[in-house]
Amino acid sequence: MHDSPARAAAPQDPKPPLEESEPLSHALKQRHLTMLGLGGVIGAGLFVGSGAGISVAGPGIVLSYLIAGALAMLVMRMLGEMSAAMPASGSFSVHAERAIGRWAGFSVGWLYWMMLVVVLAVEATAAAQIANGWVSSVPQWAWVLIFMLFFTGANLVAVRNFGEFEFWFALLKVVAILLFLVLGTLAVFGVLPETEPVGLTNLTGQGGFLPNGWEGVISGVLAVVFAFGGLEVVTIAAAESDDPARSVARAVRSAVWRILFFYVGSMLVIVAVLPWTEQKAGLSPYVAVLDSIGVPSAGQIMNIVVFVALLSALNANLYGSSRMIFSLAERGEAPKSLLQVSGGGVPRLAVLASVAFGFISVLLNLKWPDSVFKYLLNSVGAVLLFVWALIAVSQLRLRRLIEREAPERLVLKMWGFPWLTWASLAAIAAVVGLMLTDAEARPQLLWSTGATAAVMAVAGLREWRERRHRDAR
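These lines cover the structure that appears in this document, whether it is placed above or below. Here the residue numbering is sequential within each chain, running from 1 through the sequence in written order. Note on the predicted model: pLDDT of at least 70 is required for a residue's local features to be given, and 80 or more for side-chain atom pairs to be given and counted; whole-chain, interface and lining totals, by contrast, use all residues. Remark: hydrogens and water are excluded; side-chain values derive from all non-hydrogen atoms of the structure.

### Thoughts on the side chain of Thr421
The test is simple: Numbering of helices and strands runs from the N terminus; a helix is a DSSP stretch of H or I covering at least four residues, while a strand is a stretch of E covering at least two. Throughout this description, buried means an accessible area under 20% of the type-specific maximum (1.4 Å probe, protein chains only), exposed means over 50%, and partly exposed covers the range between. Here, residues are in contact when the closest pair of their heavy atoms is within 4.5 Å.
Inspection of the secondary structure puts Thr421 in helix H19 (residues 419-437). Residue class for Thr421 comes out buried when judged on its relative accessible area of 0%. Ignoring anything within four residues of it in the chain, the contact list for Thr421 reads Met78, Ala392, Gln395, Leu396 and Met414.

In structure tokens form, the structure reads like this:
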């Protein structure tokens, strides 16, 4: 059992100290964090979901990814600055508590945990559907059970298992995208057998580069911005590396530009090789491109890549959710029983608590995918925007604190501070505004806002009760 030094402080202290020891393992290496930073954000949302963005933005989807990617890069830089200066297993939840108050750390921590364990159900179910297509004799529910039990066991044994799985999963995804970029570029210039150079034909034809105008580009942003979720896990994992401050700084530096290159580069190749009118929402544009240039069994190859991406996300979400709820318990915001740590530095009860709710989410997804689970998924669908906004606000306040108390900790700095931080907040507010005007996105935003308000109300009530208790004494 472990009691955090932050909780040893007086209950009314809103700013825990910058130094915070962690009882968790420090078995993650730099290569684990680097590949987690590169591959953690590359998931099924890119390989399959990007088709929806192309169908509304046309070739302008390149600009949509540039805009969404730029916002994600700025948020990652802010988070990297704080995590390098103050590594903690709770990452942005700890930063929010230090910068704003306990209610903020409580709210963003629990909302993020809820988001991960709900999305985990989507990933487990989607991976099971693919596996069931390969081995139909094993029912879908059995595949879900196999995946959940396997990754639960791996996460219970040692954090190094998580690092190794993510390293190889991420490596496969990165190699797949690099090969796709090479083959696609060769196809554009007509270098591959039986291909003719297409040049800029598909970028300027079928209505031009912006067939649906800037409105299409903005709609594309809404379709793709949530695909960048997952970058946050690398800063959570950094607390369990052998040198947290340097590790997270290196991982963030190596990740931000390469991720943007992978996303934007992929979209540029896709809309250059094939007319955007041939892309369909729900179908992988990667498969369409590979089929068009004659890659045999393109569909099955991409199925394998998507399958790996889903298992990677499942593994990362289970890890991230367990560390987040462990951090909440450290700060007295979750049951103290979750602080039990194994001899190898694994918070086993936190892992089991996260996977238990994950199993419940999976059952809801299998039993009521279009009713109960749909509402549950909508309630956390826009939480990522709330997390990003709290990261920006926290960085605005903590930067001054770090400069005053420990300037030597600023080994990684946010670009253009504070102007780009304010610009990021304005961009997040703009995305929220766009979701309100979009008929499909509005329910998700409203449900997520309701869930956020409920959690914040609980946080406020807890603080009010504690204040009354202190006053009574």
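### Details of the packing of helix H4 (residues 50-57) against helix H11 (residues 213-224)
Our working rule: Here the axes come from fitting lines to C-alpha atoms, over the contacting stretch only for helices, and the angles between their N-to-C directions go from 0 to 180 degrees. To sort the angles, those under 35 degrees are grouped as roughly parallel, those over 145 as roughly antiparallel, those from 65 to 115 as roughly perpendicular, and the leftovers as oblique. Ten residue types, Ala, Val, Leu, Ile, Met, Phe, Trp, Tyr, Cys and Pro, are classed as nonpolar, four, Asp, Glu, Lys and Arg, as charged, and the remainder, Gly among them, as polar.
Viewed as axis vectors pointing N to C, H4 and H11 meet at an angle of 170 degrees, and their least axial separation amounts to 8 Å. On the basis of their axis angle, the class for H4 and H11 is roughly antiparallel. Only Gly216, Val217, Ser219, Gly220 and Ala223 of H11 make contact with H4, whose side of the interface consists of Gly53, Val56 and Ala57. Split by residue class, the contact of H4 with H11 holds four nonpolar, four polar and no charged.

### A closer look at helix H9 (residues 159-188)
Inclusion rule: Helix span, as expected, comes to 1.5 Å for every residue beyond the first.
Taking 1.5 Å per residue as the helical rise, H9 with its 30 residues ought to reach 44 Å, and the 43 Å between its terminal C-alpha atoms agrees with that figure. One or two steps after H9, the chain reaches Gly190, where phi turns positive at roughly 70 degrees.

### Here we look at the environment of Phe151
Relative to the helices and strands, Phe151 is located in helix H8 (residues 140-157). Separated by 73 residues in sequence, Phe151 and Met78 have C-alpha atoms that sit 31 Å apart. With sequence-adjacent residues up to four places away left out, Phe151 is seen in contact with Phe169, Leu311, Leu314, Asn315 and Leu318.

### Observations concerning the pattern of salt bridges
Note the following rule: Any Lys or Arg side-chain nitrogen located within 4 Å of an Asp or Glu carboxyl oxygen qualifies as a salt bridge.
One pass over the structure, following the stated rule, counts seven salt bridges. Arg102 is the salt-bridge partner of Glu333, the closest N and O atoms lying 2.9 Å from each other. With Glu333 in the loop between helix H15 (298-330) and helix H16 (348-367) and Arg102 in helix H7 (residues 102-134), this pair connects stretches of sequence that are 231 residues apart. Using a relative accessible area of 4% as the deciding quantity, one classes Glu333 as buried. A relative accessible area of 11% places Arg102 in the buried class. Its salt-bridge partner being Glu403, residue Arg400 comes within 3.4 Å of it at the nearest N-O pair. Placement of both Arg400 and Glu403 in helix H18 (residues 383-405) is noted, with a separation of three residues, approximately one turn of the helix. Assessed through its relative accessible area of 31%, Glu403 is described here as partly exposed. Through salt bridges with shared partners, a single network forms among Glu81, Arg399, Arg400 and Glu403.

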